[in-house]
Amino acid sequence: MTSIIAEDVLLLGYDEKKGKPTIGPIGLNAGLAGALLAELAIMGRLSLADKKVVVTDPTPVGEPELDAALARIAAEAEVRKPEWWVDKLDGAKLRERLLVRLVEGGVLSEERGKILGLFKTVKYPELDGSVERAVRTRVESVLDGAEPDERTAVLIGIMHATKALGTLFPGADEARVKEITQGDWAGEGVKEAVRAVEAAVLMILTTAVVVTTVT
């Protein structure tokens, strides 16, 4: 099964040994949903019109999660903004499906247990660490100055929007990150759509933080 950017986000967002998220649930879930939208944009399936997401090509890409998201967007009667879709694509359920998929693919293991004999817990430590290491190497190479491909540029932009990039890659330079996200790795229409998705992820995370602080 083809690897997707959302899987890269998930692997980076989980501690490889403890098997628990290192990113807050709101940011991680928004990042996963945003990754689907951004990947469909770089594949030429989605674009922006009047700052809203439109389907430019409904042809399936042959990947279940991407195709399900594309079909849902195409079926929506009203044209919606990126932040609406980041919310409605339900990153929490997407995360569960991707975890199952990575377990079935031998990348992660699943460890179930109980706390105090009552509360069920589940952890997903890495079984095959080479997959995440390859993702990390690719990101580090681009952060260090290598020319980014579309997938890596999107991944860096999404992780930056979740505010986790600096924690996961402590040496990441803010100026370099900006150079990557605004670079010439794709056409302007694609980059505009991807930037809008990244902004939507950040908006959802920021709004949640504000609401939590106020309440």
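Here, every reference points to the structure presented above.
Small disclaimer: the values here were computed from a predicted structure and weren't measured.

Student: Describe the overall build of the protein chain, with residues and values.
Tutor: When its secondary structure is counted, the protein chain shows 10 helices and 4 strands. By principal-axis analysis of the C-alpha atoms, the protein chain measures approximately 55 × 45 × 40 Å. When the 215 residues of the protein chain are sorted by exposure, 43% land in the buried category. Counting every atom, the protein chain has about 11000 Å² of accessible surface; 55% of that belongs to carbon and sulfur. Charged side chains of the protein chain number 27 positive and 34 negative; the gap between the two group centres comes to 6 Å.

Student: Could you give an account of the nonpolar core, with specific residues and numbers?
Tutor: Membership of the largest hydrophobic core comes to 61 residues, with the highest contact counts inside it found for V9 and M159. It is helix α2 (residues 25–42) that provides the largest number of residues to this core, a total of 11 residues. Not counting the four nearest positions on each side in its chain, V9 is found in contact with L28, G31, L32, A35, L155, I158 and M159.

Student: Can you lay out unusual backbone geometry for me, pointing to particular residues and giving the numbers?
Tutor: Of note, the phi angle at D50 is positive, near 55 degrees, even though the residue is not glycine. Within the fold, D50 resides in the loop between β1 (46–49) and β2 (52–55). Its identity is not glycine, yet D90 carries a phi of approximately 55 degrees, on the positive side. Counting through the fold element by element, D90 comes out in the loop between α4 (82–88) and α5 (91–104).

Student: How would you summarise the packing of aromatic side chains if you had to cite specific residues and measurements?
Tutor: Applying the stated criterion to the full structure yields 1 aromatic pair. Consider the rings of W84 and W85, whose centres lie 4.8 Å apart with planes at 85 degrees: the pair is edge-to-face. Over the ring of W84 we find R80, and its NZ or CZ is 4.2 Å from the ring centre. Note that R136 overlies the ring of F169, its terminal NZ or CZ placed 4.9 Å from the centroid.

Student: I'd like a rundown of the layout of surface pockets, residues and numbers included.
Tutor: In this structure, the largest pocket encloses a volume near 230 Å³. Every residue lining the largest pocket is counted, 13 residues in all, and those nearest its centre are G157, H160, A161, E198 and L202. Counting only elements with at least two residues in the lining of the largest pocket, the list comes to α7 (150–161), α8 (165–168) and α10 (188–214). Broken down by element, the lining of the largest pocket gets its largest block of residues, 4 residues, from α10. Of the residues that constitute the lining of the largest pocket, the class distribution is 5 nonpolar, 5 polar and 3 charged.

Reading the values: rules and limits
Residues numbered from 1 in each chain as written. Predicted model: local features only at pLDDT ≥ 70, side-chain atom pairs only at ≥ 80, totals over all residues. Heavy atoms only, no water. Helix = DSSP H or I, 4+ residues; strand = E, 2+ residues; numbered from the N terminus. Buried < 20%, exposed > 50% of the residue type's maximum accessible area, 1.4 Å probe, protein only. Areas by Shrake-Rupley, 256 points an atom, 1.4 Å probe, with all protein chains shown as cover. Lys, Arg positive; Asp, Glu negative; His and termini not counted. Charge placed at Lys NZ, Arg CZ, Asp CG, Glu CD. Core = buried A, V, L, I, M, F, W, Y, C linked by side-chain atoms within 4.5 Å. Contact = heavy atoms within 4.5 Å. Phe/Tyr/Trp six-rings, centres within 6.5 Å; stacked < 30°, edge-to-face > 60°. Lys NZ or Arg CZ within 6 Å of the ring centre and 35° of its normal. 1 Å grid on protein atoms, 1.4 Å probe; cavity = no way out; pocket = protein on both sides within 12 Å on 5 of 7 lines; lining within 4 Å. Points joined across faces, edges and corners; volume = space filled by probe spheres on them. Nonpolar A, V, L, I, M, F, W, Y, C, P; charged D, E, K, R; others polar.

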